Amino acid sequence: MNRPSRSSSYDLDTPKSGMTTPGEWSIEPTLRVPSEEGFPDKESEGLEKELQSAEASPTAATGQDDDPPPEGGRGWWVLLGSFLLTFSTFGLVFQSLYEEVVLPDTNPSAIAWIGSIQYALCLMPGLLSGRLFDLGYLHIPLAVASVVLSLATILVAECTKYWHFLVTQGLVTGLANGFVFGPAMPIVSHWFRKRRSTGIGIVAAGAAVGGTVLPIVVRQLIPVVGRKWTMRIVGLLILVVQGVANLLVTRRLPATNHPGGLINPRAFKSIPYSLYVLGAFVGFLGMYTPLTFIDVSGITTAHLNPDFSFYLVSITNASSLIGRVGGGLCSDKFGVVNVLVGFNSVAALMTFVWPTVKSKGGLIAIAITYGAASGALVGLLAAPVAHLGDTADIGRRTGMMFTIVSIGSLIGPPISGAIYAANDGFMQVGIYA
């Protein structure tokens, strides 16, 4: 009678390249026969300790890497909800309207602070909203921010002085936008991996659509119902859109509590992550300058009708839809960083050329080209972060990047406004941006 050979309690297969991640083991229980002395041998004890270590690994604890996203299904509804979330976050800045009509005696650089604060606060609360998202808090913060955003927009109707607009449309609206925009990007990674960049681009396209539609709605309604009722109508529209979005978005993965609180300094030990955050910060120092001042340059430089010049912002926002969606599609095939470098180079070139253009057709061409190129940068901003660390910590890492980048978007337009006021032209502004 053949006696079973002495073997360990478990067979631990070596992970195959490309099929497992660090800390994962393929475990296959096998028959254990005691040694002649009746006690487990040292080899068995060592393997059992390795098994316990594998079971206690972060991957096993979270289960996130073992549970691949569905790449569709319920994820498409979540994607639609995220699209609607961003619809209301980047379309309520009216530089030329304030300069020409509402606040004609206010310095353009001061007016630019309204938009720059709003832009910055769309990103700055990401540090807190990203951490809350990782901890599983999604619906309550999102619902509160959606209501505050709607009420703040309605209250803009009652603003008459510069500081009223600065507080209501800059601070309050910006903070509400930040807690709406914050979870819209990382939630895509819960539902998509292969199509992650495309999904993020589609979500970012919501801001392009909103930035196109909302200014046109405002411009068309003001002559009909007046500025006050226009802002009230827009506020109610935002409430409806955000209400639908709140019903559609949901998490797929369980909450995680990585150590380190709001900030994970260890993330900056990654040179690729640190260099990417630095590059994004520098890029956003000039990113919103053409979007903020292209309508003003149309009036002062090209001598366009103010009613038409106003639409240059909408044309830029509409064109950014090309970059946001197209950039996502291209990055899934060619690599997100490669696509970002190409589109950003075109945006930089258009920023240099913009101040030299003094015709209606030329400004339209600049608006379309710059909008498409810059749209890819805005749309794909969070995509590389998803590839530079664990999905379980994506909210916090994205939030840290958004907070740093927001400083660039905060100080960029006012610096451009100060340069414009000091030189009475946009040539130096374009060189800076």
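Preceding block: the structure.
Residues numbered from 1 in each chain as written. Predicted model: local features only at pLDDT ≥ 70, side-chain atom pairs only at ≥ 80, totals over all residues. Heavy atoms only, no water.

Regarding the packing of helix H3 (residues 74-87) against helix H10 (residues 196-248)
Then step 1. At their nearest, the axes of H3 and H10 sit 3 Å apart, and the two run at 35° to each other.
Then step 2. By residue class, the composition of the contact of H3 with H10 is 19 nonpolar, eight polar and one charged. (Axes fitted to C-alpha atoms, helices over the stretch in contact; angles between N-to-C directions. Helix = DSSP H or I, 4+ residues; strand = E, 2+ residues; numbered from the N terminus. Nonpolar A, V, L, I, M, F, W, Y, C, P; charged D, E, K, R; others polar.)

What about a nonpolar patch on the surface?
Then step 1. Nonpolar side chains collect at one region of the surface, where Ile140, Val144, Val148, Trp163, Val167, Leu171 and Val172 lie side by side and expose about 610 Å² of accessible area between them.
Then step 2. Contributions of two or more residues to the nonpolar patch are made by helix H7 (139-155) and helix H8 (162-181).
Then step 3. Ranked by residue count, the leading element in the nonpolar patch is H8, at four residues.
Then step 4. Along the chain, the position of Val148 falls in helix H7.
Then step 5. Given a relative accessible area of 32%, Val148 falls into the partly exposed group. (Patch = residues over 30% accessible without salt bridge, like charges linked within 9 Å, V, L, I, M, F, W, Y side chains within 5 Å. Areas by Shrake-Rupley, 256 points an atom, 1.4 Å probe, with all protein chains shown as cover. Salt bridge = Lys/Arg side-chain N within 4 Å of Asp/Glu carboxyl O. Buried < 20%, exposed > 50% of the residue type's maximum accessible area, 1.4 Å probe, protein only.)

Section: the nonpolar core
Then step 1. One finds Tyr98, Met185, Phe284, Trp354, Leu381, Met401 and Phe402 to be the most contacted residues of the largest nonpolar core, which totals 95 residues.
Then step 2. No other element matches H10, which puts 13 residues into this core.
Then step 3. Apart from residues lying up to four places away in sequence, Phe284 is in contact with Leu123, Leu377, Val378, Leu381, Val405, Gly408 and Ser409. (Core = buried A, V, L, I, M, F, W, Y, C linked by side-chain atoms within 4.5 Å. Contact = heavy atoms within 4.5 Å.)

Considerations on the packing of helix H11 (residues 271-300) against helix H13 (residues 311-334)
Then step 1. One way to put it is that H11 packs onto H13 with a least axis distance of 8 Å and a crossing angle of 140°. What the angle tells us is that H11 and H13 run oblique. Judged by the sense of rotation from one axis to the other, the crossing of H11 with H13 is right-handed. Contacts between H11 and H13 involve Leu291, Ile294, Asp295 and Gly298 on the former and, on the latter, Leu312, Val313, Thr316 and Asn317. (Parallel < 35°, antiparallel > 145°, perpendicular 65-115°, else oblique. Left-handed = near helix turned anticlockwise from the far one by under 90°.)

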